[in-house]
Amino acid sequence: MKWINHLAIAGATTAVVNPVLVPVALLGSTAPDWLEWVLKALTGQAVKHRGVTHYVLSWVLALAFALLLWDFHGLLAAFAWGGLTHVLADSMTVSGVPFAPHSDRRFHLFGGRLRTGESGEYAIAWGIVAVCAVVMQLTQTQNGWYPFFYDWPGLYEQGLVDAKEWKDNRFKFF
Ligand SMILES: [Zn+2]
């Protein structure tokens, strides 16, 4: 899938939850591709396209780790979310993506019928953008408060909530 569509999907979905994190999600949304260049530069070996950096499982685990165990102001979660949207979007294309190491089967979503660069991928990406725009219109109040995202650790650091409140709420992400 083209980068413009990866960027659109990750940017729009992240903006609904927390607009501040959009740039990080954009970085993450292209990461599965540019990490291939990084790996190649580091190892000096050719890296298979849609190989090791496109495992669905690794991005799921990275996101789960960020949400449940450790994160820094949501940065890791946003990056991992961006990467996950990338591999899921790629999985809708004919060549698919690998689900995990040691599995030769390609992972496909929705039948994997899209071809990179054709109109289908634009339709999906901009359809998602449209849905997110509507959701944001419905949820955003005038003072810019986004009810879907409570930055509990951030509030805690600012002394706005006490430790117990943070503990009670830290697993409420929505
Ligand atoms: Zn890719």
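That block above? That's the structure.
Here we summarise the structure given alongside this text. Treat the numbers as computed from the prediction; the structure is a model and nothing was measured. (Residues numbered from 1 in each chain as written. Predicted model: local features only at pLDDT ≥ 70, side-chain atom pairs only at ≥ 80, totals over all residues. Heavy atoms only, no water.)

### Some points on the coordination of the zinc ion
Phase 1: Within the protein, the zinc ion binds to Asp 33 (OD), His 54 (NE2), His 86 (NE2) and Asp 90 (OD); these donor distances fall in the range 2.2 to 2.4 Å.
Phase 2: The site at the zinc ion holds four donor atoms, and with the angles between them running 84 to 172°, its shape is irregular.
Phase 3: In primary sequence terms, the donor set of the zinc ion follows D-x20-H-x31-H-x3-D. Taken as a pair, His 54 in the loop between α2 (22-43) and α3 (56-68) and His 86 in helix α4 (residues 75-90) lie far apart in primary sequence, 32 residues in all. For the pair shown, His 54 and His 86 are each scored as buried. (Donors = N, O, S within 2.8 Å, 3.2 Å for Na, K, Ca; no water. Tetrahedral: all angles 85-135°; square planar, octahedral: opposite > 155°, others 65-115°. Helix = DSSP H or I, 4+ residues; strand = E, 2+ residues; numbered from the N terminus. Buried < 20%, exposed > 50% of the residue type's maximum accessible area, 1.4 Å probe, protein only.)

### Brief notes about the packing of aromatic side chains
Phase 1: Taken as a whole and assessed by the stated rule, the structure comprises four aromatic pairs.
Phase 2: Ring plane angle 20° and centroid distance 5.8 Å describe the contact between Trp 3 and Trp 37, whose orientation is recorded as stacked. A residue pair is termed long-range when its members are at least 10 positions apart, and Trp 3 in helix α1 (residues 3-17) and Trp 37 in helix α2 qualify at 34 residues.
Phase 3: The partly exposed category is assigned to Trp 3, whose relative accessible area is 32%.
Phase 4: Overall, the relative accessible area of 56% leaves Trp 37 in the exposed class.
Phase 5: Ring geometry for Phe 99 versus Phe 107: centroids 5.4 Å apart, planes at 45°, classification tilted. (Phe/Tyr/Trp six-rings, centres within 6.5 Å; stacked < 30°, edge-to-face > 60°.)

### Structural notes on unusual backbone geometry
Phase 1: The phi dihedral of Arg 50 falls on the positive side, at around 55°, and the residue is not glycine.
Phase 2: Here Arg 50 is to be found in the loop between α2 and α3.
Phase 3: Despite not being glycine, Phe 110 has its phi angle at roughly 50°, a positive value.
Phase 4: Relative to the elements of secondary structure, Phe 110 occurs in the loop between β2 (106-107) and α5 (119-139).
Phase 5: The exposure class of Phe 110 is exposed, given its relative accessible area of 67%.

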